[in-house]
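Below are the chains, spelled out letter by letter.
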Amino acid sequence: MMAQTDVLGLDGAAAIVLGVGPGMGLETVRVLASAGARVTCVDLQEDIAESAKELAAELGSEGMALTGDATDRSFVDSVVEQSVSRWGRLDSSVSIIGRNQLATLEESTDENWTSNWDINLRPPLLLTQASAKAMKKQGSGSIVVITSINGTLSSPRAAAYGAAKAGLVSMMRTAAVEFGRSGVRVNAISPGVVLTPRISFLAGSEEGAQFEARIPMGRLGSPHEIANTALFLASPMSSYVTGQVIGVDGGASVAYQLPTPEWKQH
Ligand SMILES: NC(=O)c1ccc[n+]([C@@H]2O[C@H](COP(=O)([O-])OP(=O)(O)OC[C@H]3O[C@@H](n4cnc5c(N)ncnc54)[C@H](O)[C@@H]3O)[C@@H](O)[C@H]2O)c1
């Protein structure tokens, strides 16, 4: 068991981050490298993976850039193999990749369902399977996946995305149960509305204000707040946490909206 004085330090640890574009992925590389972890930075786009690797080096750690399609099992297996070969171990894996490809149920095609499942469920599944093999050998490790508030709460045009994210939570829980005795922990982060580049148009907009009005903390989240939660889950600070979904949503997932804040039942 860790000593009482242990903090978030990850000196000498090795991590993989899948999907390192500006936003949650790059911020996760930033916080892991700042805490001392060496980071394998993986993305479909070479320039994005290279920038993340350079960021790790600028922060006094080390990075390795790998480019490929994380829906391809042989590529993800090779990411873990190259990572273990380079750093000698694997302490944490964080899978960021995911996207809401919107469609109403009436207009939703087989292609829409398949692509939502492929991009939201397949990369974290493949990384969990490959990481667990390496982590079980060393008897420790932490796997983190990113689900969504849409995996729990419903909104129009998000059936396929929500089903994939809910499925991801189910996979994560099973992994936590199966790997528990091997020292491998598996958890999920469930973001609410987070100002990533994809939805940066919400900042300061009327639409953004409408979201904020429904969030108990009254503001949208930042990628850094997701990354800090990933750091907590990757570190020994969370040594007894497994199979959990941590909502990072300003309280949005626990709020039941009344007609007005002052409304009283008569
Ligand atoms: N932004 C939000 O408000 C919000 C809310 C809830 C959940 N989420 C979840 O957070 C995560 C991050 O969202 P984001 O908008 O920052 O993502 P993003 O699409 O901006 O970043 C994902 C990165 O993954 C890379 N990528 C995409 N497909 C890939 C593939 N097949 N192989 C390898 N790399 C690939 C992209 O190049 C990109 O750099 C997603 O899982 C998303 O579902 C976001």
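Not measured: the values here are computed from a predicted model. In this convention, every chain numbers its residues from 1, walking through the sequence in written order. Under the rules for a predicted model, residues below a pLDDT of 70 receive no local features and side-chain atom pairs below 80 are neither given nor counted, while totals for whole chains, interfaces and linings still include all residues. For the side-chain quantities, the full set of heavy atoms in the structure was used; hydrogens and water were omitted.

(A) View of unusual backbone geometry. Unlike most non-glycine residues, Arg157 shows phi in positive territory, near 70°. Mapped onto the elements, Arg157 comes out in the loop between β5 (141–146) and α6 (159–179). Here a helix means four or more residues in a row that DSSP labels H or I, a strand means two or more in a row labelled E, and each is numbered from the N terminus.

(B) Seen up close, the sheet that holds strand β6 (residues 184–191). Two strands make a pair as long as DSSP finds a minimum of two bridges between them. With parallel pairing, 7 strands are arranged side by side in an open sheet as β3-β2-β1-β4-β5-β6-β7. At either end of the open sheet lies a strand with only one pairing partner, and these are β3 (63–67) and β7 (245–248). Neighbouring strand axes in the sheet, compared pairwise and without regard to direction, differ in orientation by 15° on average. Taken together, the 5 bridges between strand β1 (residues 14–18) and strand β2 (residues 38–43) define a ladder with parallel strand orientation. Its bridge partner being in β2, Leu18 is matched across the sheet by Val42. The strands touched by helix α2 (residues 46–58) are β2 and β3; relative to β3, the strand with the most contacts, the crossing angle is about 175°. To get an axis, a line is fitted to the C-alpha atoms, and for a helix only the part in contact is used. The angle between two axes follows their N-to-C directions and goes from 0 to 180 degrees. By the convention used here, residues are in contact when the closest approach between their heavy atoms is within 4.5 Å.

(C) Spotlight on the pairing of β1. We call a residue buried when its accessible area falls under 20% of the maximum for its residue type, exposed when it is over 50%, and partly exposed in between, using a 1.4 Å probe and counting protein chains only. For β1, the tally of buried residues reaches 5 of 5 residues, placing the bulk of the element in the interior. Residue alternation in β1 divides its side chains into two sets, Ala14, Ile16 and Leu18 and Ala15 and Val17, and both sets are buried. Regarding topology, helix α1 (residues 24–34) serves as the crossover connection from β1 to the parallel β2, and that connection is right-handed. Relative to strand β4 (residues 92–95), β1 runs parallel, the two sharing 4 bridges. The residue of β4 that forms the bridge with Ala15 is Ser92. With the strands aimed away from the viewer, a crossover counts as right-handed if its path from the first strand over the helix to the second runs clockwise.

(D) Up close: the site of the ligand. As a structural note, the neighbourhood of the ligand is formed by 27 residues, with Asp43, Ile96, Tyr161, Val194 and Arg198 the closest of them. Protein coverage of the free-state accessible area of the ligand, which is 850 Å², stands at 89%. Residues are grouped as follows: Ala, Val, Leu, Ile, Met, Phe, Trp, Tyr, Cys and Pro are nonpolar; Asp, Glu, Lys and Arg are charged; every other residue, Gly included, is polar. Each residue belonging to the shell around the ligand can be placed in one class, and the counts come to 13 nonpolar, 9 polar and 5 charged. One heavy atom suffices: a residue is near a molecule or strand as soon as one of its heavy atoms comes within 4 Å of it. For accessible areas, the Shrake-Rupley method is used with a probe of radius 1.4 Å. Any residue's cover is judged against the shown protein chains and nothing else.

(E) Structural detail: the packing of helix α4 (residues 110–120) against helix α5 (residues 122–138). Direction vectors running N to C along α4 and α5 enclose 35°, while the axes themselves pass 3 Å from each other. Taking contact as the criterion, the partners of Trp117, Asp118, Ile119 and Asn120 in α4 are, on α5, Arg122, Pro123 and Pro124. Residue classes in the contact of α4 with α5 are distributed as 4 nonpolar, 1 polar and 2 charged.

(F) Region of interest: the pairing of β2. Of all the 6 residues making up β2, 6 are buried; the element is thus mostly covered by neighbouring parts of the structure. Of the two faces of β2, the one lined by Arg38, Thr40 and Val42 and the one lined by Val39, Cys41 and Asp43 are each fully buried. Looking at chain direction, β2 and β3 are connected through 5 bridges and run parallel. Following the sheet pairing, Val39 is matched in β3 by Gly63. Remark: the β2/α2/β3 crossover connection has right-handed handedness.

(G) Quick peek at a nonpolar patch on the surface. A residue counts toward a patch only above 30% relative accessible area and without a salt bridge, and it is joined to like-charged neighbours within 9 Å or, for Val, Leu, Ile, Met, Phe, Trp and Tyr, to nonpolar neighbours within 5 Å. The salt bridge definition used is simple: a Lys or Arg side-chain nitrogen within 4 Å of an Asp or Glu carboxyl oxygen. On the surface, Tyr256, Leu258 and Trp263 cluster together into a nonpolar patch covering about 390 Å² of accessible area. With respect to the helices, strands and loops of the structure, Tyr256 is situated in the segment after β7.

(H) Here's a closer look at the pattern of salt bridges. For the coordinates displayed, the defined rule picks out 5 salt bridges. Between Lys53 and Glu50 there is a salt bridge, with its nearest N and O atoms 3.8 Å apart. Separated by 3 residues within a single helix, Lys53 and Glu50 lie in helix α2, roughly one turn from each other. Lys53 gets classed as partly exposed once you look at its relative accessible area, which sits at 30%. Across the salt bridge formed by Glu225 and Arg219, the nearest N and O atoms sit 2.7 Å from each other. Take Glu225: its relative accessible area is 28%, and that puts it in the partly exposed class.

(I) Main features of the confidence of the model for the chain. Along the chain, pLDDT gives the predictor's confidence residue by residue, from 0 to 100. The predicted model of the chain has a mean per-residue pLDDT of 95, with 97% of residues at 70 or higher. Between residues 1–5, whose pLDDT stays under 50, and residues either more than four places distant or in other chains, the model counts 3 contacts.

(J) How the structure looks around the side chain of Asp91. Mapping Asp91 onto the fold places it in the loop between α3 (73–87) and β4. Apart from the residues lying within four places of it in its own chain, the contact partners of Asp91 are Gly12, Ala13, Ala14, Met135, Gln138, Gly141 and Ser142.

(K) Representation of the environment of Ala227 in the model. Among the secondary structure elements, Ala227 is positioned in helix α8 (residues 223–234). The exposure class assigned to Ala227 is buried, which follows from its relative accessible area of 0%. For the pair formed by Ala227 and Met24, sequence separation is 203 residues and the distance between their alpha carbons is 6.2 Å. Discounting chain neighbours no more than four positions away, the residues touching Ala227 are Glu27, Thr28 and Val31.

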